[in-house]
Amino acid sequence: MTVAARLAKILNTMPTDEADNLIARQTRLFERTGLPTQVPPNAEEAEIFAAMALDKKSRGKTLNFILPTRLGHVEKFARVPVEAVKQALLTTDEHR
């Protein structure tokens, strides 16, 4: 979910300040419950993309995501650029 929020910020599917707020809220909540908010440093990029290819939203080699457009509202985005996904996966959260 935090990667999806980061991706929404990168793709400008929601205003930057709202995306920052969402990322900060998610990060605090997930950290309190012991859930990860970052991709593990030893995660292999090829394995991550292989897993995403199995997702029910994927069609062939097209990456599709459900991304927030405002707090409490999401939309499906088709043909999300691979480079944007990589950036979202590698971004660390500054909001703690």
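Residues numbered from 1 in each chain as written. Predicted model: local features only at pLDDT ≥ 70, side-chain atom pairs only at ≥ 80, totals over all residues. Heavy atoms only, no water.

Colleague: Could you give an account of the overall build of the protein, naming the residues involved and the relevant values?
Modeller: Helix and strand content of the protein: 4 helices and 2 strands. Along the protein, helices and strands appear, N-terminal first, in the series α-α-α-β-β-α. Sorting the 96 residues of the protein into buried and exposed places 31% on the buried side. Taking all contacts inside the protein whose residues are at least 6 apart in sequence as the whole, residues at least 24 apart take part in 59%. Accessible surface, the protein: about 6300 Å² in total, of which carbon and sulfur atoms supply 56%. (Helix = DSSP H or I, 4+ residues; strand = E, 2+ residues; numbered from the N terminus. Buried < 20%, exposed > 50% of the residue type's maximum accessible area, 1.4 Å probe, protein only. Contact = heavy atoms within 4.5 Å. Areas by Shrake-Rupley, 256 points an atom, 1.4 Å probe, with all protein chains shown as cover.)

Colleague: Could you give an account of the pairing of strand E2 (residues 73-77), naming the residues involved and the relevant values?
Modeller: The two faces of a sheet get side chains in turn, since along a regular strand they alternate between them. Here strand E1 (residues 65-70) runs beside E2; their pairing, made up of 5 bridges, is antiparallel. Directly across from Arg 70, in E2, lies its bridge partner His 73. Counting the residues between successive antiparallel strands, the hairpin from E1 to E2 contains 2 residues, one of them, Gly 72, with a positive phi of roughly 85°. (Pairing = 2+ DSSP bridges.)

Colleague: Can you break down the pattern of salt bridges residue by residue, with the values?
Modeller: Scanning the entire structure with this criterion turns up 3 salt bridges. For the salt bridge of Lys 9 with Asp 20, the shortest nitrogen-to-oxygen distance reads 2.5 Å. Taken as a pair, Lys 9 in helix H1 (residues 2-11) and Asp 20 in helix H2 (residues 16-33) lie far apart in primary sequence, 11 residues in all. A salt bridge links Lys 86 to Glu 45, with the nearest nitrogen and oxygen atoms 3.3 Å apart. Of this pair, Lys 86 sits in helix H4 (residues 82-90) while Glu 45 sits in helix H3 (residues 45-53), placing them 41 residues apart in sequence. Classification of Lys 86 as partly exposed rests on a relative accessible area of 23%. (Salt bridge = Lys/Arg side-chain N within 4 Å of Asp/Glu carboxyl O.)

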